[in-house]
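Here's the letter readout for the chains.
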Amino acid sequence: MAADPLALATELLRCPSVTPAEGGALAVLERVLKGAGFAVHRLTFAEAGSAPIENLYARIGTTSPHITFAGHTDVVPPGDEATWRHPPFAAALEGGTLYGRGAVDMKGAIACAVAASLDHLATAGGKPKGSISFLITGDEEGVAVNGTVKLMQWAKERGETFDHCLLGEPSNAAEVGDTIKVGRRGSLNGTLVVTGKQGHVAYPERAENPVRGLVSLMSALMAEPLDHGSANFGPSNLEFTSIDIGNTTVNLIPGEARARFNIRFNDCHSQVSLRMLIETRARAAAGDSARWHIDWQPSNADSFVTSPGAFLDLVVSAIKDITGRAPTLSTTGGTSDARFIKNYCPVLEFGLVGQTMHQVDERTPVADLTTLTTVYRRILDRYFA
Ligand SMILES: [Zn+2]
């Protein structure tokens, strides 16, 4: 009998695994994967200043080729549960649609990958012609320091090598099969700080208003594009997200003004070159008229793109066979754990439809679970053919 992705997705959705809580989700996977003959490792990673997080690594087979399914069982909080059509951790089924936090991001896809693997193994005498593994973290939606980044390191230290990775993030825009993510933009945060001299607002000549400098620096940084895009990416973008002066006094010129910004950047830049570009532009705009500096936050999110090759061809053709769609190869959207995995093996992202991710009433059609399971199964059958 075929493994049932709906039953497994339902069980996973009923685990309240809001980051950093494990919520029982990894225990479900451990039980199912152990039952199918996987060697399962449960790993807790910790670091000062962050919550300890549980992770899971499971592998069947000892030889190459080795394909690994990566993913996360943690979910973002449901928000006001009263606004949900069905309770967010009930996994309610209505009209062929499965509701629940994590339905598409991304317990649903994990259920599909497990079901596809079990089906493949059932027809392969219980063992793959190589290895199948699962790299599952509980720290993707949070700060992501005790998750995939440490899991990959741990795996490397014990001699695990991976040939290819499929990450089941909700890559599709409208229908299963419309999009594969083949890379991701980088992300960099900074705070622009302009220092002035505090004073009475009626005597501006005795003060130095940092708001003037902040405004002209901000408009200079927003005026010119950072680039015009590249072969695989759209243009990089800088957005200011907050202006922080915090001055509650009406007759006071403040001594300092700050503005926070985020840059989503493509492969025209490294973090270092991007910082230099921004600081050069700020220096030119400020001249001698403003004292400023930028506090850059450390970032573990560089841009990357997975090169075309046999693995991409295999995934594309499996998607075409099952869904009849020719997937767009995209690098849009936020960051994902693919940014850590790409240092170890080629990684592609293909999962469910992302429309309701992080929203109230997150949900997936059951038909999509069936389709995705069939696609994953086809990928495995071809991979080990
Ligand atoms: Zn996700």
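All figures in this text were calculated on a predicted structure; none of them were measured in a lab.

A. Local environment of the nonpolar core. Counting residues in hydrophobic clusters, the biggest one holds 76 residues, and the most contacted among them are Ile132, Phe134 and Tyr376. Contact partners of Tyr376, with chain neighbours within four places excluded, come to Phe69, Ala109, Cys112, Ala113, Ala116, Leu166, Gly168, Phe350 and Gly351. Grouped together as the second largest cluster of nonpolar side chains are 23 residues, Phe261, Ile278, Trp292 and Ile294 included.

B. How the structure looks around unusual backbone geometry. Geometrically, the link from Ser64 to Pro65 is a cis peptide bond, its omega value of 0° lying close to zero. Its location among the elements puts Pro65 in the loop between strand E2 (50-60) and strand E3 (66-72). Omega for the bond connecting Asp105 with Met106 falls within 30 degrees of zero, at -10°, which places this linkage in the cis form. Looking at the secondary structure, you find Met106 in the loop between strand E5 (97-99) and helix H3 (107-123). Even without glycine at this site, Ala144 takes up a positive phi of about 60°. Along the polypeptide, Ala144 turns up in the loop between strand E6 (131-137) and helix H4 (148-157). Here the phi dihedral of His358 falls at roughly 65°; this positive angle occurs in a residue that is not glycine. Structurally, His358 can be placed in the loop between strand E18 (347-349) and strand E19 (363-365). Look at His358 and you get partly exposed, because its relative accessible area is 39%.

Quick notes on the rules
Residues numbered from 1 in each chain as written. Predicted model: local features only at pLDDT ≥ 70, side-chain atom pairs only at ≥ 80, totals over all residues. Heavy atoms only, no water. Core = buried A, V, L, I, M, F, W, Y, C linked by side-chain atoms within 4.5 Å. Buried < 20%, exposed > 50% of the residue type's maximum accessible area, 1.4 Å probe, protein only. Contact = heavy atoms within 4.5 Å. Helix = DSSP H or I, 4+ residues; strand = E, 2+ residues; numbered from the N terminus.

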